[in-house]
Amino acid sequence: MLSLLLLVFTVVGLIAIAHREAGSAPATALPAVLGIVGLLLDAEVVGVLLLISAAVIAVCGLPALRRHWLSPRLFAMFKKVAPKVSDTERTALEAGSVAWDGELFSGRPDWQRLLDFKDDGLSDEERAFIDHQCTVAAGMCNAWDIARERADLPPELWDYLKKERFFGMIIPKQYGGLGFSAKAQSAVLQKLAVNETLMSTVGVPNSLGPGELLLKYGTQEQKDHYLPRLADGREIPCFGLTGPRAGSDATSLPDVGIVCKKEVDGKEVLGLRLTFNKRWITLAPIATVVGLAFRMFDPDHLLGDKEDLGITCALVPRDTDGMDIGRRHHPIGSPFMNGPIRGKDVFVPLDTIIGGPDMAGEGWRMLIECLSVGRCITLPSGATGTGRYAIGWAGGFARIRRQFNVPVAEMEGIQEPLARLTAKAYIAQAAVYQTANTIDHGHAPAVPSTILKSQLTEFQRDILADAMDIHGGKAVTLGPRNYLGIGYSANPVAITVEGANIMTRNLMVFGQGAIRCHPYVLEELAAKDADDAKAFDRAFFRHAGLIFGNAARAFSMGLGLGKPANPFDDVAGPYAKEVCRLSAGFSLCADAAMASLGAELKQREMLSARLGDVLSNLYLVSMVIKQWHEGDKVEGEAELMHYACRFLLNRAETAFVEVFDNLPNKALGKTLKVLVMPLGRRWARPHDDLARAIARSVSTGSALRKKLLQGAWDSNDQVQDNPVARYNALLETQNRAEALYRQINRAYAKGKLPVQALHPEERLEAALAEGLINEDDADFMRKREAEVLDMLSVDDFAFDAFVTDKDKVNQHNATA
């Protein structure tokens with residue numbers, strides 16, 4: 001019995017020591033002391049085993065001992081199996097900064113570090129711009145006119161965007177820009193997401209492009225010339241990066257710039273001879289200045305000894321001789337300006353390089369560092385805005401659309417997708433806002449940018465699909481009345497651009513995060529490159545302590561023991577504890593995958609993607625928790641909070657199980673499953689009761705619906721029709737209308753109204769004639785039914801309206 005107790009005390013004590021990452025000294029002392037106790041109390045066998053264990057721990061754990069025999073062998077082995085990091089990969093890994101994503105990789109996230117990113121909100125100037133200028137711009141959009149009739153924004157809208165400096169949100173006021181915060185930029189794009197062409201047109205110049213590159217790397221002369229002109233729209237920028245053979249693999253640019261000399265106006269000028277073929281370049285057809293990425297070579301050594309100078313970025317004016325620009329691509333579902341740019345032997349002086357000749361070869365670093373911010377804002381904000389409008393449209397439509405004498409919003413088949421799309425929109429709002437707030441605190445979140453881009457644009461795809469299903473025939477019939485179909489068809493653009501989601505999920509989220517965000521891997525790789533055995537020893541054994549610590553934390557918390565404290569209320573607190581538990585499991589699994597697969601993990605994209613899914617869901621639920629903690633709560637929001645967190649945690653556990661099941665080492669997978677989920681999965685999909693409550697809230701004029709629609713274009717005082725405003729107005733009188741519907745339908749069912757009164761309007765007039773309702777109610781319902789019918793109606797066109805070549809019209813029923 002004593003021997004068993006000693007073993008139990010040892011195991012429990014070592015788990016507790018590992019849980020706290022207390023170090024090798026206490027881990028050595030515990031079995032040593034208990035071993036001596038065993039010897040003194042006649043438990044000799046266990047005592048000896050414990051003393052041997054203490055000796056092994058001491059030899060492996062105490063630096064003075066291990067550095068003589070163990071560390072050199074481990075270092076030699078590490079050099080053989082460690083993945084080789086190319087220069088371009090290293091640039092990507094070193095770009096941006098690490099914040100909450102690093103906490104999740106640590107396995108013991110400190111919530112206070114997340115809460116330290118205080119939210120100061122938007123300035124009065126920013127709020128006024130969103131309330132006024134964005135409302136005016138949104139109100140100038142007619143989706144059908146833009147997409148099908150003119151394939152462009154109307155000229156008065158272009159003029160307004162330039163006049164109000166929409167293209168200068170990221171440009172400081174000293175250069176004539178708006179100088180907005182990241183949160184304000186996001187809020188602007190979310191409001192403009194009522195029309196995907198408008199959002200893209202404003203978003204791209206404020207994302208990856210000449211403006212941001214000039215701000216960070218341009219010469220003072222370049223800034224003084226271009227930034228004021230970009231801010232007020234005198235210059236329209238585009239950025240040429242991708243091409244027929246260089247999409248996701250942007251480092252394989254086949255476009256070249258050769259250093260050469262040319263006589264210009266009687267003077268010999270040192271410059272570049274550019275040959276390029278770019279595709280899918282947003283704003284290219286109308287751009288006046290082109291940012292261009294190319295591979296720079298100096299074969300004649302006019303600049304120095306190096307021939308291959310690397311990827312470089314330059315600014316090339318549109319009217320440069322040899323520039324072929326102006327043709328358009330036809331992006332699916334949306335006519336935003338997008339097209340090719342070509343050139344052969346186009347000569348430009350060296351001072352067109354962004355940052356001047358000293359920045360030759362620094363283009364990859366420029367792009368990576370800028371993309372980490374831009375990718376966090378533009379497309380995720382567009383997806384978030386789309387989600388907000390989808391709530392407004394789908395919730396309103398589901399309430400006014402009646403089948404079987406009830407609003408379809410009361411049918412569970414509609415409630416399920418309505419709740420689902422609402423939860424995804426809610427998650428997106430929290431993630432975009434809180435990540436933008438991190439940017440406003442000076443961070444450039446590289447890994448979160450990949451999470452937001454891939455996850456939220458996928459949410460957008462799901463949200464639009466659910467909204468389409470709820471609307472049914474209303475949404476699949478295109479025309480001016482269809483506010484949903486064009487955006488739905490354009491959604492693949494968001495999935496594909498700025499890093500296709502397949503690549504981002506499979507290669508970037510975990511592939512970049514595993515090294516960039518891990519507490520020790522980058523140090524270990526640096527020690528390998530520097531051949532620094534002492535630095536490797538320090539990093540490796542701290543890393544080993546982390547692994548044991550995460551194993552202990554994941555297992556003990558999986559059993560319901562040692563739950564970490566957190567500063568959140570009873571609603572958010574349990575989810576924060578789960579993030580801590582799963583964070584420990586994630587960090588453990590990440591280390592296990594890297595250790596067991598080594599450099600092969602790069603090729604195991606499906607496994608890497610699932611590890612990235614765990615990280616992504618933990619990051620998103622963390623953002624939801626912070627948003628809940630800091631925001632004003634409204635009635636019905638707790639149900640939405642529960643739904644969102646349970647949805648994300650369920651997805652995280654699903655990804656875990658898929659990791660366990662697909663590790664090549666089956667024994668390792670089973671071991672990890674026991675450590676991370678000793679009692680099995682905890683999180684089922686959200687309960688139907690939550691879905692019912694959410695769907696009813698967002699399909700009525702509730703406080704929750706109003707909160708979720710904050711920041712959307714919801715006024716109806718502009719030139720163009722606003723379905724959100726019309727649905728909101730109908731929902732305000734829904735209770736009165738529903739009572740009258742029930743009264744009239746009961747009377748019809750009892751035979752008090754003519755049997756042939758099949759239309760609501762006919763029953764209404766019959767009820768008035770029978771004295772069942774008064775004239776005031778009848779007038780109210782007449783106006784309401786006219787509005788409802790208008791909102792439910794779809795468009796029809798002349799027989800040959802869609803035929804571009806009228807000579808090819810097939811007159812099926814033409815008379816002889």
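Every chain is numbered independently, its residues counted from 1 as its sequence is written. Side-chain atom pairs in this predicted model are given and counted only at pLDDT of 80 or more, local residue features only at pLDDT of at least 70, and totals for whole chains, interfaces and linings cover all residues. In computing side-chain values, all of the structure's heavy atoms are included and hydrogens and water are not.

A. A look at the overall build of the protein chain. Counting its regular elements, the protein chain contains 33 helices and nine strands. We call a residue buried when its accessible area falls under 20% of the maximum for its residue type, exposed when it is over 50%, and partly exposed in between, using a 1.4 Å probe and counting protein chains only. Looking at the protein chain residue by residue over its 816 residues, the buried ones come to 55%. Here, two residues are considered to be in contact whenever any of their heavy atoms come within 4.5 Å of each other. Put simply, of all contacts in the protein chain between residues at least 6 apart along the chain, 75% involve residues at least 24 apart. On the protein chain, roughly 34,900 Å² of surface is accessible, and the fraction owed to carbon and sulfur atoms is 55%. The helix count covers DSSP runs of H or I at least four residues long, the strand count covers runs of E at least two residues long, and both are numbered beginning at the N terminus. The Shrake-Rupley method, run with a 1.4 Å probe, gives the accessible areas here. Residue values count only the displayed protein chains as cover.

B. Quick peek at the packing of helix α26 (residues 637–662) against helix α27 (residues 666–676). All axes here are fitted lines through C-alpha atoms, helices being fitted over the stretch that makes contact, and every angle between N-to-C directions spans 0 to 180 degrees. For the pair α26 and α27, the least separation of the axes is 7 Å and the interaxial angle reads 150°. As summarised for this structure, α26 and α27 are arranged roughly antiparallel, according to the angle between their axes. Between α26 and α27, the residues in contact are F656, F660 and D661 and K666, G669, L672, K673 and V676, respectively. Within the contact of α26 with α27, the residues separate by chemical class into four nonpolar, one polar and three charged. Angle categories: roughly parallel below 35 degrees, roughly antiparallel above 145, roughly perpendicular from 65 to 115, and oblique for all the rest. Each residue is assigned to one of three groups, with Ala, Val, Leu, Ile, Met, Phe, Trp, Tyr, Cys and Pro labelled nonpolar, Asp, Glu, Lys and Arg labelled charged, and all others, Gly among them, labelled polar.

C. Fine view of the environment of A360. Position of A360 relative to the elements: it lies in the loop between β7 (338–349) and α16 (363–400). Sequence separation of A360 and T312 is 48 residues, and the distance between their C-alpha atoms is 5.4 Å. Those residues in contact with A360 that sit more than four places away from it in its chain are M296, L309, T312 and I353.

D. A look at the side chain of E212. Within the fold, E212 resides in helix α14 (residues 210–217). The buried category is assigned to E212, whose relative accessible area is 7%. In contact with E212, not counting residues within four places along its chain, are I170, S207, C370 and V373.

E. Spotlight on the packing of helix α31 (residues 734–749) against helix α33 (residues 775–792). Where α31 contacts α33, the axes come no closer than 11 Å and their chain directions differ by 110°. Between α31 and α33, the interaxial angle falls into the category roughly perpendicular. Contact with α31, carried on its side by Q734, R736, A737, L740 and Y741, involves D776, D777, F780, M781, R784 and E785 of α33 and no other residues of that element. Classifying every residue of the contact of α31 with α33 by side-chain character gives five nonpolar, one polar and five charged.

F. Up close: the side chain of S106. Following the sequence through the fold, S106 ends up in helix α6 (residues 100–106). What makes S106 buried here is its relative accessible area of 12%. Under the rule applied, a polar contact is a pair of N or O atoms within 3.5 Å (in protein, one hydrogen donor and one hydrogen acceptor; residues adjacent in sequence only if both atoms are side-chain atoms). A polar atom in the side chain of S106 sits 3.1 Å from the backbone nitrogen of R108. Not counting chain neighbours up to four residues away, the residues in contact with S106 comprise P519, L546, N550, R553 and S587.

G. Representation of helix α21 (residues 501–516) within the structure. Its axis deflected by about 35° at M508, α21 carries its strongest bend there. With 12 of 16 residues buried, α21 lies mostly within the body of the structure. Among the residues of α21, N501, M503, T504, N506, M508, V509, F510, Q512, G513, A514, I515 and R516 are the ones counted as buried. Note on bend: at a given residue it equals the angle between the axes fitted to the 7 residues ending there and to the 7 starting there.

H. Structural context of the pairing of strand β4 (residues 289–297). When you tally the buried positions in β4, you get seven out of nine residues, the bulk of the element. Strands were regarded as paired on the criterion that DSSP finds at least two bridges between them. When strand β1 (residues 237–240) meets β4, the two strands line up parallel, connected through four bridges. Across the sheet, the residue bridging to C238 is V290, located in β4. Across nine bridges, the pairing between β4 and strand β5 (residues 308–317) is antiparallel. Residue G291 lies in a different strand from β5, and its bridge partner there is L315.

I. Geometry of the nonpolar core. The criterion is simple. A nonpolar core is a set of buried Ala, Val, Leu, Ile, Met, Phe, Trp, Tyr and Cys residues joined through side-chain atoms within 4.5 Å. Of all hydrophobic cores here, the largest spans 123 residues; its most connected members are W111, L421, L456, F586, I625, M641 and F656. Beyond its immediate chain neighbours, meaning those up to four positions away, F586 contacts L104, F105, F510, L611, V614, L615, L618 and F656.

J. Region of interest: the layout of surface pockets. Only protein atoms enter the 1 Å grid used here. Points where a 1.4 Å probe fits but cannot escape make up a cavity, open sets with protein on both sides within 12 Å along at least five of seven lines make up a pocket, and a residue lines them when an atom lies within 4 Å of a point. Grid points are joined across faces, edges and corners, and a volume is the space filled by probe spheres set on the points. A volume near 1,100 Å³ is recorded for the second largest pocket. If you trace the second largest pocket, you find 39 residues lining it, with R388, Y433, K707, Q710 and G711 closest to the centre. Of all elements in the fold, only α8 (124–131), α12 (182–192), α17 (412–440), α25 (605–630), α29 (703–708) and α30 (723–732) reach the threshold of two or more residues within the lining of the second largest pocket. Residues that form the lining of the second largest pocket fall into these classes: 14 nonpolar, 11 polar and 14 charged.

K. Looking closely at empty space enclosed by the protein. One pass over the structure, following the stated rule, counts two cavities of 30 Å³ or more. Put simply, the largest cavity is a space of about 50 Å³. Secondary structure elements with two or more residues in the lining of the largest cavity: α6 and α25. Partitioning the lining of the largest cavity into residue classes produces eight nonpolar, one polar and one charged. In terms of lining, the second largest cavity is formed by V204, P205, L208, G209, P210, P237, C238 and F239. With three residues, β1 is the single largest residue contributor to the lining of the second largest cavity. Of the residues assigned to the lining of the second largest cavity, the class counts are seven nonpolar, one polar and no charged.

L. Here's a closer look at the pattern of salt bridges. Between Lys or Arg on one side and Asp or Glu on the other, a salt bridge is scored when a side-chain nitrogen of the former is within 4 Å of a carboxyl oxygen of the latter. According to the stated counting rule, one finds 43 salt bridges in the structure shown. Between R682 and E578 there is a salt bridge; the shortest N-O distance is 2.7 Å. With R682 in the loop between α27 and α28 (688–698) and E578 in helix α24 (residues 573–597), the pair connects residues that are 104 residues apart, well separated along the chain. On the basis of relative accessible area, R682 is assigned to the partly exposed category, the value being 32%. On the basis of relative accessible area, E578 is assigned to the buried category, the value being 7%.

That is the geometry; function is a separate question.
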